[in-house]
Amino acid sequence: GKDHTKLNPFSDGDKMVILLPCRSPPSRERVQLWLEARRQYESLQRGL
Amino acid sequence: MTTLTRQDLNFGQVVADILCEFLEVAIHLILYVREVYPSGIFQKRKKYNVPVQMSCHPELNQYIQDTLHCIKPLIEKNDAEKVVVVIMDKERHPVERFVFEISQPPLLSISSDTLLSHVEQLLRAFILKISVCDAVLNNNPPGCSFSVLVHTRDAATRNMEKVQVIKDFPWIVADEQEVHMQEPRLIPLKTMTSDLVKMQLYVEERAQKT
């Protein structure tokens, strides 16, 4: 007989899937900017 | 010695709590050791009685927490076969994969209250292995990013739907490009077997990283 699960992939609930978040984590550049801003803020705080 | 089934107590929830806490520490440490982010955002903390590096970047921390919140229902139901931390190059091709293979034994043999402390000891060994893994891995190219992949059954994804909506953190099926790695080199890091959970950690490293 025909293998119907191959014709309709959505019928097979036990099929393995690999999932990942739709969103990306913050980029290295974005994190670097945050780090520099924090360092500047901390040095300003020390200067007060 | 008492033998209980997994349903007698809510072991799934206990295992999910323990593993998600561990995975959070492990992800932070991987990002630090593999230099995905500047070292300045990491602070030394103590977890499992050993020093670890944890990010203090709010957005990154939230991202990791949201990721694990979505995975947790799968682990609880023993539906997360693998949780993979993938490090990708600028073209978003995987260069390294830290693969956590997870399974829960169907029966639990409770010998004493040493069970949880034994698990903690085993997890500590994983953390120590991750913290020194750079010695056996080649340097990554500049500008890498990361993602967390979960291997599960199609039917089990329903368990994730609610939390995805609550957290506004949707998940999609990975593309071939995000999964495929050419000629990976396999580096086993650690294996643990306990009454609560079995876990294996290995790294798959792309032969040519640059």
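The structure displayed is predicted, hence computed values, not measured ones.

## A word on the overall build of chain B
Secondary structure assignment for chain B yields five helices and ten strands. For a compact globule of 210 residues, the expected C-alpha radius of gyration is about 17 Å, and chain B comes in at 17 Å, within 12% of that figure. When the backbone C-alpha atoms are referred to their principal axes, chain B occupies close to 55 × 35 × 35 Å. Considering chain B as a whole, with its 210 residues, one finds that 52% of them fall into the buried category. Pairs at least 24 apart in sequence give 75% of the contacts found in chain B among residues at least 6 apart. Counting every atom, chain B has about 10000 Å² of accessible surface; 48% of that belongs to carbon and sulfur. Looking at charge distribution, chain B has the averaged site of its 23 positive side-chain charges lying 4 Å from that of its 27 negative ones.

## Some thoughts on helix α1 (residues 11–33) of chain B
Residue and element names in this part refer to chain B. Between its first and last C-alpha, α1 extends 32 Å over 23 residues, near the 33 Å set by a 1.5 Å rise per residue. With 17 of its 23 residues buried, α1 lies for the most part within the structure. Backbone geometry just after α1 places Glu35 at a positive phi near 55 degrees.

## Let's talk about the pairing of strand β1 (residues 16–21) of chain A
One ladder, built from four bridges, connects β1(A) with strand β7 (residues 145–153) of chain B; its direction is antiparallel. Its bridge partner lying in β7(B), A:Ile18 is registered against B:His151. Sheet analysis places β1(A) next to strand β8 (residues 171–173) of chain B, joined by three bridges and oriented antiparallel. Residue pairing across strands places A:Leu19 opposite B:Val173, the latter belonging to β8(B).

## Details of the interface of chain B and chain A
Taken residue by residue, the interface counts 38 residues in chain B and 24 residues in chain A. Across the chain B/chain A interface, buried area totals approximately 2900 Å², and carbon plus sulfur atoms make up 64% of it. One salt bridge in this structure joins A:Asp14 and B:Arg153, with 2.9 Å as the shortest N-O distance. Taken together, the links from chain B to chain A amount to 13 residue pairs in polar contact (both at pLDDT 80 or more). In the side of chain B that touches chain A, the residues fall into 21 nonpolar, eight polar and nine charged.

## Observations regarding the environment of B:Met54
All names here are of chain B. Of note, Met54 is situated in strand β3 (residues 50–55). Taking the C-alpha atoms as reference, Met54 lies 8.2 Å from Ile41; in sequence the two are 13 residues apart. If near-sequence neighbours (up to four positions away) are discounted, Met54 is found in contact with Val25, His28, Ile41, Phe42, Gln43, Arg45 and Lys47.

## So, the side chain of B:Asn140
All names here are of chain B. Along the polypeptide, Asn140 turns up in the loop between α3 (114–131) and β7. A distance of 3.4 Å separates polar atoms of two side chains, one belonging to Asn140 and the other to Glu96. A polar contact of 2.8 Å, which involves the side chain of Asn140, links it to the side chain of Lys209. Leave out the neighbours within four places in its chain, and Asn140 touches Arg34, Ile87, Val95, Glu96 and Lys209.

## Structural notes on the sheet that holds strand β4 (residues 82–88) of chain B
The strand order β8(B)-β1(A)-β7(B)-β4(B)-β5(B)-β10(B)-β9(B) describes an open sheet built from seven strands, whose pairing is antiparallel. On the outer flanks of this sheet lie β8 and β9 (184–193) of chain B, each paired with one strand and no other. Looking at each pair of strands side by side, their axes are set apart by 25 degrees on average, direction ignored.

## Section: the packing of aromatic side chains
Residues and elements named next belong to chain B. The tally for this structure, following the rule as stated, stands at eight aromatic pairs over all chains. Look at Phe22 and Tyr48: their rings are 6.4 Å apart centre to centre, the planes differ by 65 degrees, and that puts the pair in the edge-to-face class. Taken together, the positions of Phe22 in helix α1 and Tyr48 in the loop between β2 (42–47) and β3 put the pair 26 residues apart, joining distant regions of the chain. For the pair shown, Phe22 and Tyr48 are each scored as buried.

## Notes on the nonpolar core
Core analysis: the biggest nonpolar cluster contains 69 residues, and B:Phe22, B:Phe98, B:Phe100 and B:Phe146 have the highest contact counts within it. If one sorts the elements of this core by residue count, α1(B) sits on top with 15 residues. In terms of nonpolar packing, the next biggest core, distinct from the first, is built from eight residues, A:Leu20, B:Val84, B:Val99 and B:Leu149 among them.

## Here we look at unusual backbone geometry
All names here are of chain B. In this structure, Asn49 takes a positive phi of about 65 degrees despite not being glycine. Its location among the elements puts Asn49 in the loop between β2 and β3. The class of Asn49 is exposed, set by a relative accessible area of 54%. Despite not being glycine, Arg92 has its phi angle at roughly 65 degrees, a positive value. Here Arg92 lies in the loop between β4 and β5 (94–103).

Each value, and the rule that gives it
- Residues numbered from 1 in each chain as written.
- Chains lettered and ligands numbered in written order.
- Predicted model: local features only at pLDDT ≥ 70, side-chain atom pairs only at ≥ 80, totals over all residues.
- Heavy atoms only, no water.
- Helix = DSSP H or I, 4+ residues; strand = E, 2+ residues; numbered from the N terminus.
- Rg over C-alpha atoms; globule rule 2.2 N^0.38 Å.
- Buried < 20%, exposed > 50% of the residue type's maximum accessible area, 1.4 Å probe, protein only.
- Contact = heavy atoms within 4.5 Å.
- Areas by Shrake-Rupley, 256 points an atom, 1.4 Å probe, with all protein chains shown as cover.
- Lys, Arg positive; Asp, Glu negative; His and termini not counted.
- Charge placed at Lys NZ, Arg CZ, Asp CG, Glu CD.
- Expected span 1.5 Å × (residues − 1).
- Pairing = 2+ DSSP bridges.
- Buried area = accessible area lost by both parts, 1.4 Å probe.
- Salt bridge = Lys/Arg side-chain N within 4 Å of Asp/Glu carboxyl O.
- Polar contact = N/O pair within 3.5 Å; in protein donor to acceptor, adjacent residues only side chain to side chain.
- Nonpolar A, V, L, I, M, F, W, Y, C, P; charged D, E, K, R; others polar.
- Axes fitted to C-alpha atoms, helices over the stretch in contact; angles between N-to-C directions.
- Phe/Tyr/Trp six-rings, centres within 6.5 Å; stacked < 30°, edge-to-face > 60°.
- Core = buried A, V, L, I, M, F, W, Y, C linked by side-chain atoms within 4.5 Å.

Interpretation note: all reported values are geometric properties and have no functional meaning in isolation.
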